[in-house]
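Listed here are the chains, written in short residue letters.
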Amino acid sequence: MNAWFFSRPAALLLLLAWGAAAGCASGPRDLTPSPAPPSYQQGQIIEATSGRIVSYPDWLHSLDAYDVIYLGEEHYNAYHIEAARRVLTALASSGVRPVLGMEMFGWDGQPALDRYLSDPHASRETFLQEARWQANWGGAFEHYEPLVNEAREQRAPVLAMNPPKTLIRRVVKLGLAQARQGEEWTQWGLQDEQIVDEPAYRARILDQLRRCHGGGSEEDYRRMYEASMVRDEGMAKTVAAAVQEGRQHGGGERHVVVSYTGGGHIQYGLPVPQRVKRRLDGRVRHMTVYMTSFDPAKPEDIAEFLREPIADYLWLTPPSEQGPVQRCR
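Residues numbered from 1 in each chain as written. Predicted model: local features only at pLDDT ≥ 70, side-chain atom pairs only at ≥ 80, totals over all residues. Heavy atoms only, no water.

Draft legend 1. Seen up close, the packing of aromatic side chains. Inspection of every chain in the model, using the stated rule, returns 15 aromatic pairs. Summarising the aromatic geometry, the rings of Y116 and F127 are spaced 4.0 Å apart at their centres and angled 5 degrees between planes, so their arrangement reads as stacked. Here Y116 is found in helix 4 (residues 110–118), whereas its partner F127 is found in helix 5 (residues 124–130), with 11 residues between them in sequence. Looking at F127, the relative accessible area reads 3%, which means it is buried. A ring pair is formed by F127 and F141, whose centres lie 5.8 Å apart and whose planes are at 70 degrees; its orientation type is edge-to-face. Of this pair, F127 sits in helix 5 while F141 sits in the loop between helix 6 (133–136) and helix 7 (145–153), and the two are 14 residues apart along the sequence. Here the two residues F127 and F141 agree in accessibility, since each one is buried. Here the aromatic cluster, defined as three or more aromatic residues joined through ring pairs, consists of Y76, F105, Y116, F127, W133, W137, F141 and Y144. Between R152 and the ring centre of Y116, over which it is positioned, the NZ or CZ distance is 4.2 Å. The ring of Y201 carries the charged tip of R275 above its face, separated from the ring centre by 4.5 Å. (Phe/Tyr/Trp six-rings, centres within 6.5 Å; stacked < 30°, edge-to-face > 60°. Helix = DSSP H or I, 4+ residues; strand = E, 2+ residues; numbered from the N terminus. Buried < 20%, exposed > 50% of the residue type's maximum accessible area, 1.4 Å probe, protein only. Lys NZ or Arg CZ within 6 Å of the ring centre and 35° of its normal.)

Draft legend 2. Highlighting the sheet that holds strand 1 (residues 45–47). Taken together, the 8 strands give an open sheet; going across it, the order is 2-1-8-7-3-6-4-5, and neighbouring strands pair in mixed fashion. If you trace the sheet from one side to the other, it starts and ends with strand 2 (52–54) and strand 5 (158–162), each paired once. Strand-to-strand twist in this sheet, taken as the mean axis angle between neighbours without regard to direction, amounts to 30 degrees. Alignment of strand 4 (residues 97–106) against strand 5, held across 4 bridges, turns out to be parallel. (Pairing = 2+ DSSP bridges. Axes fitted to C-alpha atoms, helices over the stretch in contact; angles between N-to-C directions.)

Draft legend 3. How the structure looks around helix 8 (residues 165–174). Within helix 8, the full set of buried residues consists of K165, L167, I168, V171 and V172. Projected down its long axis, helix 8 shows its buried positions confined to an angular sector of 160 degrees, all on one face. Where helix 8 ends, the next residue or the one after it, G175, has phi of about 90 degrees, a positive value. (Arc of directions from axis to C-beta.)

Draft legend 4. Focus on the packing of helix 3 (residues 78–93) against helix 7. It is at 9 Å that the axes of helix 3 and helix 7 come closest, and there the two elements cross at 10 degrees. By the angle class used here, helix 3 and helix 7 are roughly parallel. Two secondary-structure elements touch here, helix 3 through I81, A84, R85, L88 and T89 and helix 7 through P146, L147, E150 and A151. Each residue belonging to the contact of helix 3 with helix 7 can be placed in one class, and the counts come to 6 nonpolar, 1 polar and 2 charged. (Parallel < 35°, antiparallel > 145°, perpendicular 65-115°, else oblique. Contact = heavy atoms within 4.5 Å. Nonpolar A, V, L, I, M, F, W, Y, C, P; charged D, E, K, R; others polar.)

Draft legend 5. Focus on helix 12 (residues 218–248). The terminal C-alpha atoms of helix 12 lie 44 Å apart, and with 31 residues this matches the ideal 45 Å at 1.5 Å per residue to within 8%. When you tally the buried positions in helix 12, you get 22 out of 31 residues, the bulk of the element. (Expected span 1.5 Å × (residues − 1).)

Draft legend 6. Fine view of the pattern of salt bridges. For the structure on display, the rule yields 23 salt bridges. Between R285 and D67 there is a salt bridge, and its shortest N-O distance comes to 3.2 Å. Pair noted here: R285 is in the loop between helix 13 (273–279) and strand 7 (286–293) and D67 is in the loop between helix 2 (56–62) and strand 3 (68–73), with a separation of 218 residues, a long-range link. The class of R285 is partly exposed, set by a relative accessible area of 45%. (Salt bridge = Lys/Arg side-chain N within 4 Å of Asp/Glu carboxyl O.)

Draft legend 7. Geometry of the layout of surface pockets. Quantified by volume, the second largest pocket comes out at close to 340 Å³. Along the wall of the second largest pocket there are 15 residues; nearest its centre are L159, T238, A241, A242 and E245. When residues of the lining of the second largest pocket are assigned to their parent elements, the largest contribution, 6 residues, is made by helix 12. Class assignment of the residues belonging to the lining of the second largest pocket gives a composition of 7 nonpolar, 5 polar and 3 charged. (1 Å grid on protein atoms, 1.4 Å probe; cavity = no way out; pocket = protein on both sides within 12 Å on 5 of 7 lines; lining within 4 Å. Points joined across faces, edges and corners; volume = space filled by probe spheres on them.)

Draft legend 8. Seen up close, the pairing of strand 4. Buried residues dominate strand 4, accounting for 9 of its 10 residues. Here strand 4 pairs with strand 6 (residues 255–262) via 6 bridges, running parallel. Its bridge partner being in strand 6, V99 is matched across the sheet by V257.

Draft legend 9. Focus on the side chain of D108. Looking at the secondary structure, you find D108 in the loop between strand 4 and helix 4. Classification of D108 as buried rests on a relative accessible area of 19%. Polar side-chain contacts of D108 include one of 2.9 Å to the side chain of R132. Side-chain polar atoms of D108 contact the side chain of N136, separated by 2.7 Å. In contact with D108, other than residues within four places in its own chain, are E130, R132, N136, P164 and W188. (Polar contact = N/O pair within 3.5 Å; in protein donor to acceptor, adjacent residues only side chain to side chain.)

So far we have only geometry, and geometry alone does not tell us how the molecule works.
Right, dumping it as structure tokens:
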């Protein structure tokens, strides 16, 4: 790709890659020297506001106190999938019913997802075709299959969090104002939805888009930013609806929503968590957990995440098979 020009398809690909984002999740760099960090290790969970390493068993036991647990991953990192499985197991063991939301599925795949989870004999190939896996996410389903299977084993509903990619493509191509006029906007129940342009969110996202995907025009960045708003608002709509449904139809059973997305969608509480909070009039107890590959030779990466806490907790894991994430600077 020419470094000085974004075609519209290329802009969309960059937008979708951004959500993975550990590489794009840090804000403007603070060059103030930091004190020597503690001795971090893979597998640790760190309370971000204090820098304290917490007890893993105690932390797992605390999860049922929340309405929503936001897990932010590096895409295709098997250790992050395993971490999410442990969260589902811990919740189920505590007597609450987990509800798993996954960024990897689009709203147009929800009926297929429901059928697949309810029928143990359902065809995997038919499911992936009907769920439009390749169209909405792509890549090998095997990476995320263990998490879907864990939800099935725990009898936990799985929610498709993302607006369909065709709708996001339309925003990238035409801009938000024009996309609102299309039939697909109404088809997915967005005609009465607010897509809130919040200043702190705008500052973060535009800064990251420019640093991580340099060379675009201001028009490219505007449309990519608007598509980011639509994706995050759409995912927040899904999470908030799940919380409300759990409150109204719990039947005496408490629900906890586990939101599983790229780390960029939970950073600093802004993209999805803040929008869910707005939709629920602030009446939501949530926890954000930023899962990140940890290289013991680079403890300064963790110090940067803690300087202005990127989430409530950091969960340090080994890198994926693809190696350490390359972070934008």
